[in-house]
Amino acid sequence: MDQPRALVIGGGIGGLTAAVALRQRGWAVTVLERAPELTPVGAGLGLAPNAQRALDVIGLGDRVRALSAWQGDGRLRAPGGRWLSRTSSEAAADRFGGPLVLVHRATLVSLLSSALPEGVVRTGTAAELTDPGDIGRPAVVGTPDGELEADLVVAADGIRSAVRRALFPGHPGPRYTGLTTWRVVVPAPERPFAPHETWGRGRLWGTQPLKDGRVYAYAMATAPEGAHAPDDERAELRRLFGDWHDPVPGIIEAAGPGQVLRHDVHEMAVPLPAYHRGRVALLGDAAHAMQPTLGQGGNQAIEDAVVLAHHVGRNGDSGPAAEGATGLAAGLATGLATGLAAYSADRLPRTTAIVRQATRTGRMTAVSNPVAVAVRDALIVAVSRFGPGLILRGFAGIADWRPPQHTYASGTPRQ
């Protein structure tokens, strides 16, 4: 029988990771990306040890670690510059098996796409799920060039996923959190700075270095849904953060007009009943959109991808023995159904818990009452005095996750 065929809808980080992982598990894969080229929206992406280990499965973990300029200490400040807490990268590495590394999203997308043969990624190709399929028939995806059949469809089409709406039409989908974010990459300031995240009254700012010498900055604040600055978003950042500690004002001034990205934050407050239906699997924001407060959105998409490939790779070729192509196809379908059910059972509880934890952290950053802010900051300072262990405890069960597969694609046993 020919290789089982998978179609991946969406050429972002989760979709590309899934394509690489599925190919390594014996699938013929095509990625359908609506955009004319792979130009990821966003700037920096923090990869925690859990995502790095997932990337180890497909042989890319060490290459990603080598791209990072910052494997950094965690430092939290107040708008005036006062240090609230400091967490060493050594403590994080000791607890979770490695530090956080920061890469540019475009760099990671380029690395993932380079691991795929030419022709696997089809850009400028809008895709619509026509039929999710079931154990007795393949899934069908419509494209401008006609319909495509697939043994498996991977929906990595983002927070506004049309595939999710087709599979679960009665689900409310993501909700607005009351928070909006800004992101920008600028040249590094002449004056050195300590990488940091700063919490104010209903506002948050972070500044981190990238490998190429530039700086990635991100901000978050409470705002009405769909709001935009009347002039430009740099001016809005100046109004909100212009009087904060160095290097924040300089970073804002270094941004060019129109360079600042702004996006409202949505989350999947009501979990989906499953991450699959028929022969279709959802991953990343399409399945479990979350607030960025834990930095786990992209990390969880990477986890999804390698776990999905593990389950459908293991089960997709292990159906009941039978004579001829018909029997083999039936075995594939049966194994795939088992694998997709295992994928949902594996990922749904974990990602739902992380979505909720990110929501709780978001409530802390969104506090705006002066008294409540003072209490919050005092608690952070008090906890930090007991050492980094208490601060890092919030990532227990997240950053220490290990994939079900071998840790390395070369076959090294799981660590």
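You'll find the structure just up there.
Residues numbered from 1 in each chain as written. Predicted model: local features only at pLDDT ≥ 70, side-chain atom pairs only at ≥ 80, totals over all residues. Heavy atoms only, no water.

Caption draft 1: A look at the overall build of the protein chain. A count of helices and strands for the protein chain gives 13 helices and 18 strands. Here the protein chain holds 415 residues, and the buried ones make up 53% of them. A separation threshold of at least 6 residues defines the contact pool for the protein chain, and within that pool the share at least 24 residues apart is 74%. Approximately 17,600 Å² of the protein chain is accessible, and the part contributed by carbon and sulfur atoms is 53%. (Helix = DSSP H or I, 4+ residues; strand = E, 2+ residues; numbered from the N terminus. Buried < 20%, exposed > 50% of the residue type's maximum accessible area, 1.4 Å probe, protein only. Contact = heavy atoms within 4.5 Å. Areas by Shrake-Rupley, 256 points an atom, 1.4 Å probe, with all protein chains shown as cover.)

Caption draft 2: Examining the nonpolar core more closely. With 66 residues, the main nonpolar core has Leu22, Leu47, Ile58, Leu108, Leu152 and Leu282 as its most contacted residues. Core analysis: the next-biggest nonpolar cluster, separate from the first, contains 17 residues, Leu240, Trp244, Val248 and Val260 among them. (Core = buried A, V, L, I, M, F, W, Y, C linked by side-chain atoms within 4.5 Å.)

Caption draft 3: Molecular detail of the sheet that holds strand E2 (residues 28-32). As summarised here, the arrangement of the six strands in space is E7-E2-E1-E11-E18-E17, forming an open sheet in which the pairing is mixed. Here the strands that pair on one side only, and so sit at the sheet edges, are strand E7 (121-122) and strand E17 (276-277). (Pairing = 2+ DSSP bridges.)

Caption draft 4: The side chain of Thr125, seen in detail. By secondary structure assignment, the location of Thr125 is in the loop between E7 and strand E8 (128-131). We classify Thr125 as buried; its relative accessible area is 6%. In this structure the side chain of Thr125 is engaged in a polar contact, spanning 3.2 Å, whose partner is the backbone oxygen of Thr123. Each residue touching Thr125, except ones within four places of it in the same chain, is listed here: Leu32, Glu33, Arg34, Thr143 and Pro144. (Polar contact = N/O pair within 3.5 Å; in protein donor to acceptor, adjacent residues only side chain to side chain.)

Caption draft 5: Examining the pairing of strand E12 (residues 175-187) more closely. Pairing geometry for E12 and strand E16 (residues 261-267), over six bridges, is antiparallel. Paired with Thr180 across the bridge in E16 is Asp264. As paired strands, E12 and strand E15 (residues 214-222) are joined by nine bridges and run antiparallel to one another. Directly across from Arg183, in E15, lies its bridge partner Tyr218.

Caption draft 6: A look at the packing of helix H1 (residues 13-24) against helix H5 (residues 105-114). Close contact between H1 and H5 brings their axes to 9 Å; oriented N to C, the two are set at 20°. When the axes of H1 and H5 are compared, the pair comes out roughly parallel. Where H1 crosses over H5, the handedness of that crossing is left-handed. Here Ile13, Leu16, Thr17 and Val20 of H1 come into contact with H5, specifically with Arg105, Leu108, Val109, Leu112 and Ser113. By residue class, the composition of the contact of H1 with H5 is six nonpolar, two polar and one charged. (Axes fitted to C-alpha atoms, helices over the stretch in contact; angles between N-to-C directions. Parallel < 35°, antiparallel > 145°, perpendicular 65-115°, else oblique. Left-handed = near helix turned anticlockwise from the far one by under 90°. Nonpolar A, V, L, I, M, F, W, Y, C, P; charged D, E, K, R; others polar.)

Caption draft 7: Summary view of the sheet that holds E8. Strand order in the open sheet formed by three strands is E8-E9-E10, and the pairing between neighbours is antiparallel. At either end of the open sheet lies a strand with only one pairing partner, and these are E8 and strand E10 (146-150). Each strand axis lies, on average, 35° off the axis of its neighbour in the sheet, ignoring direction. In the sheet, E8 pairs with strand E9 (residues 139-143) via three bridges, with the strands oriented antiparallel. When the sheet's bridge partners are listed, Asp131 is paired in E9 with Val140.

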